[in-house]
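Listed below, chain by chain, are the residues.
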Amino acid sequence: VWAQLHSAAAGASGTDNVCSLTRQAVHWDSPDGGDFGLSGAIRFTGGTPNGTVYSVSLWDTDVLGTGTFYGEFVLTGDLTFNGQGEFQVTAIDFTGSATDS
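J.: Looking at this model, I keep getting lost on the overall build of the protein. Mind explaining?
T.: A tally of regular secondary structure across the protein gives zero helices and eight strands. Ordered by position in the sequence, the α and β elements of the protein form the string β-β-β-β-β-β-β-β. The globule rule puts the C-alpha radius of gyration for 101 residues at 13 Å, and the 14 Å found for the protein is close to it. Burial analysis of the protein (101 residues in total) assigns 30% to the buried set.

Written as C-alpha cells, this is what we have:
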C-alpha cells in the first residue's frame, strides 16, 4: 500500500488537491484481534514549505496519477508541511472484528 497527501478533499477518484510529489510506502503492524495500524511514521518530503495538509489517501501503486484508490483519511493535529517541505503521518488505525455465524 502507498500513501499520498492532499491539501483539501481527495475527491471521488482520489486525484484532487494532491500536495505530495511522491507516494510513500506504508508499513503495517501485525493485526491483533482484527485491529492494526502503522508500524512507523510515513515521511513525506518535497511539499510546499509551510503548506497545508488535509488528508492522506491510500493506493496500490507508488506512481502518481495511476492505480487503485483505496480511500481517504482526514488528518488531525499539526496540518502543515514544515519549513523544509516535510510532513509525517504518525497514525492510521483500523479497528475490525469478525464473527462466525
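Past the structure itself, the notes keep going.
J.: Explain the packing of aromatic side chains here, please?
T.: The geometry of two aromatic rings is summed up by the distance between their centres and the angle between their planes. Counting across every chain of the model gives six aromatic pairs. Aromatic pair Trp59 and Phe69: ring centres 5.2 Å apart, planes at 40 degrees, arrangement tilted. On the criterion of sequence distance, the pair formed by Trp59 in strand S5 (residues 55–59) and Phe69 in strand S6 (residues 69–74) is long-range, its members being 10 residues apart. Overall, Trp59 belongs to the buried group, its relative accessible area being 2%. Relative accessible area serves as the criterion here: at 24%, Phe69 is assigned to the partly exposed category.

J.: How should the pairing of strand S1 (residues 2–6) be read in this particular structure?
T.: On a regular strand, each side chain points to the face opposite its neighbour's, so the side chains alternate between the two faces of the sheet. When you tally the buried positions in S1, you get four out of five residues, the bulk of the element. Examined bridge by bridge, S1 and S5 share five bridges and lie antiparallel to one another. Opposite Trp2, over in S5, you have Trp59 as the bridge partner.

How each quantity is defined
Residues numbered from 1 in each chain as written. Predicted model: local features only at pLDDT ≥ 70, side-chain atom pairs only at ≥ 80, totals over all residues. Heavy atoms only, no water. Helix = DSSP H or I, 4+ residues; strand = E, 2+ residues; numbered from the N terminus. Rg over C-alpha atoms; globule rule 2.2 N^0.38 Å. Buried < 20%, exposed > 50% of the residue type's maximum accessible area, 1.4 Å probe, protein only. Phe/Tyr/Trp six-rings, centres within 6.5 Å; stacked < 30°, edge-to-face > 60°. Pairing = 2+ DSSP bridges.

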